[in-house]
Amino acid sequence: MDRCQNTNFIEKHVPKNFFKKEVWEALPLNIRKLFMNVPLAYIKDMEEIRLRTYKPLMIGVGNKDFFIGKTGDITPHISQSYIVTKSDIEKTYQLITDYSVYALEEEIKNGFLTIKGGHRVGICGRAVLNKRQVKTMKDISGLNIRISKEKLGISQGIMSHLVENNEFHNTLIISPPQCGKTTLLRDIIRNLSNGMKNLNFSGFKVGVVDERSEICGIYQGVPQNDVGIRTDILDACPKAEGMMMLIRSMSPQVIATDEIGKKEDIYAIEEALNAGINLITTVHGKDMEEIMRRPNMNHLLLQGVFKRIIILTNQPKVGTIRSIVDGTNNKVLASYSLEERRHDYVS
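Residues numbered from 1 in each chain as written. Predicted model: local features only at pLDDT ≥ 70, side-chain atom pairs only at ≥ 80, totals over all residues. Heavy atoms only, no water.

**Things to note about the packing of helix α10 (residues 263–274) against helix α12 (residues 295–302)**
Thought 1: At a closest axis distance of 9 Å, the pairing of α10 and α12 adopts a crossing angle of 20°. Of the possible angle classes, the one that applies to α10 and α12 is roughly parallel. Classified by chirality, the crossing of α12 by α10 is left-handed. Judged by residue contacts, K263, I266, I269 and E270 of α10 engage N296, M297, H299 and L300 from α12.
Thought 2: Looking at side-chain class alone, the contact of α10 with α12 contains four nonpolar, two polar and two charged residues. (Axes fitted to C-alpha atoms, helices over the stretch in contact; angles between N-to-C directions. Helix = DSSP H or I, 4+ residues; strand = E, 2+ residues; numbered from the N terminus. Parallel < 35°, antiparallel > 145°, perpendicular 65-115°, else oblique. Left-handed = near helix turned anticlockwise from the far one by under 90°. Contact = heavy atoms within 4.5 Å. Nonpolar A, V, L, I, M, F, W, Y, C, P; charged D, E, K, R; others polar.)

Here's what the structure looks like:
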């Protein structure tokens, strides 16, 4: 079977951390062979692998797309790229579901699966409906393997802005897509949960609502990412409902979630704050001005709910911290010139 063939190639031929074994095992044998010839510089920074039926095989590196050639090289020409077949899609789908599609229907109906290692696979195809709700997916036409990259310690340098006198300040991370916000959020959660001797706090009870299974990367009930020793996780649960469940049952001191914005999210946040629970979350956007134009977010920001606002950018590279702002008075607590950003916390 594909899963059993050439699985030791990574350990023997590719430097550690250049290719995730779990991702390798999710690919059919013929596509694995192509990746044997992809330059290691691309493998090292690869963020996603895209398979679309009868379209070029592509990888995402640094927010750019690259075509994989018929021999595994990187090519700028579609005519020279490897064209994904229907069989490639079917074999990959069998591998990521471990040949048990029906057992995973609850996940599949959300449009993605989390595989071992915390990597998420987005799924496109024909939606099968039951009473106007998606029951499952069939006739799969596209798969997007998003490679999880855990980077322990990247939040060390900013934690002193977030925790003072054993108190965590409500924090909002503003970031354009694919700028490292979830990676940074995950490491902040880990530090909050474990505690930090240099900041003189022993750790908070953290409740995570991981609606899209990106923060913790739970696989078969086990988080594949390190989110700390005092962390409780609701996986694949809607944010608003999950926050209320945590408040009622897990007595968290801090609730963490990703990508807020809906009216029901704001209501749940206010309920958490009224219960004396602190919050860390993220929102898509390029700056404060853009976020303030959204009525729901404007409401929270004008109230000074978030005492710390971290703004990320992808200049000069993904994950750069542009500034850390005091949300109560808009004072910039830390900012980084382009040269200083080359030594940013999120790499």
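**Observations concerning the sheet that holds strand β7 (residues 133–146)**
Thought 1: Reading across from one edge, β4-β3-β2-β1-β7-β6-β5 is the order of the seven strands in this open sheet, with antiparallel pairing throughout. The two strands at the open ends of the sheet, each matched to only one other strand, are β4 (74–75) and β5 (112–115).
Thought 2: In this sheet, strand β3 (residues 64–68) lies alongside strand β2 (residues 58–61) in antiparallel orientation, the contact comprising four bridges. When the sheet's bridge partners are listed, M58 is paired in β3 with F67. (Pairing = 2+ DSSP bridges.)

**Considering empty space enclosed by the protein**
Thought 1: Counted by the stated rule, this structure contains one cavity of 30 Å³ or more.
Thought 2: Space inside the largest cavity adds up to approximately 30 Å³.
Thought 3: Along the walls of the largest cavity sit E150, K151, L152, T183, R186, D187 and D226, which together make up its complete lining. (1 Å grid on protein atoms, 1.4 Å probe; cavity = no way out; pocket = protein on both sides within 12 Å on 5 of 7 lines; lining within 4 Å. Points joined across faces, edges and corners; volume = space filled by probe spheres on them.)

**Examining the layout of surface pockets**
Thought 1: Taken as a whole, the second largest pocket encloses approximately 520 Å³ of empty space.
Thought 2: What lines the second largest pocket is a set of 26 residues, and nearest its centre among them are I96, T114, I115, K116 and Y219.
Thought 3: When contributions to the lining of the second largest pocket are tallied by element, the ones reaching two or more residues are α2 (21–24), α5 (86–96), β5 and β12 (218–219).
Thought 4: Here the lining of the second largest pocket gets four residues from one element, more than from any other, and that element is β5.
Thought 5: Among the residues making up the lining of the second largest pocket, the classes are represented as eleven nonpolar, seven polar and eight charged.

**Re the pattern of salt bridges**
Thought 1: Across all of its chains, the model carries 15 salt bridges by this definition.
Thought 2: Among the ionic pairs, D139 bridges to R126, the shortest N-O distance being 3.3 Å. In this pair, D139 is assigned in strand β7 and R126 in strand β6 (residues 119–130), connecting sequence segments 13 residues apart.
Thought 3: Classification of R126 by relative accessible area gives partly exposed; the value is 44%.
Thought 4: Here R190 and D187 are joined by a salt bridge, their closest N and O atoms 2.9 Å apart. With a gap of three residues between them, R190 and D187 both fall in helix α8 (residues 181–194), about one helical turn apart. For the residue pair R190 and D187, the accessibility class agrees, reading buried in each case.
Thought 5: Salt bridges linked by common partners bring R120, R146, K181, R212, E214, D258 and E259 together as one network. (Salt bridge = Lys/Arg side-chain N within 4 Å of Asp/Glu carboxyl O. Buried < 20%, exposed > 50% of the residue type's maximum accessible area, 1.4 Å probe, protein only.)

**Some points on the pairing of strand β18 (residues 320–326)**
Thought 1: Most of β18 is tucked away, with six of its seven residues classed as buried.
Thought 2: Sheet topology note: the strand β17 (residues 308–313)/β18 ladder contains six bridges and is antiparallel. Bridging from a neighbouring strand, I310 pairs with I324 of β18.
Thought 3: Connecting β17 to the antiparallel partner β18 that follows it, the hairpin turn spans six residues, and G319 within it adopts a positive phi of roughly 90°.
Thought 4: Sheet topology places β18 next to strand β19 (residues 331–335); four bridges connect them, and they run antiparallel. Residue pairing for β19: D326 is matched across the bridge by K331.

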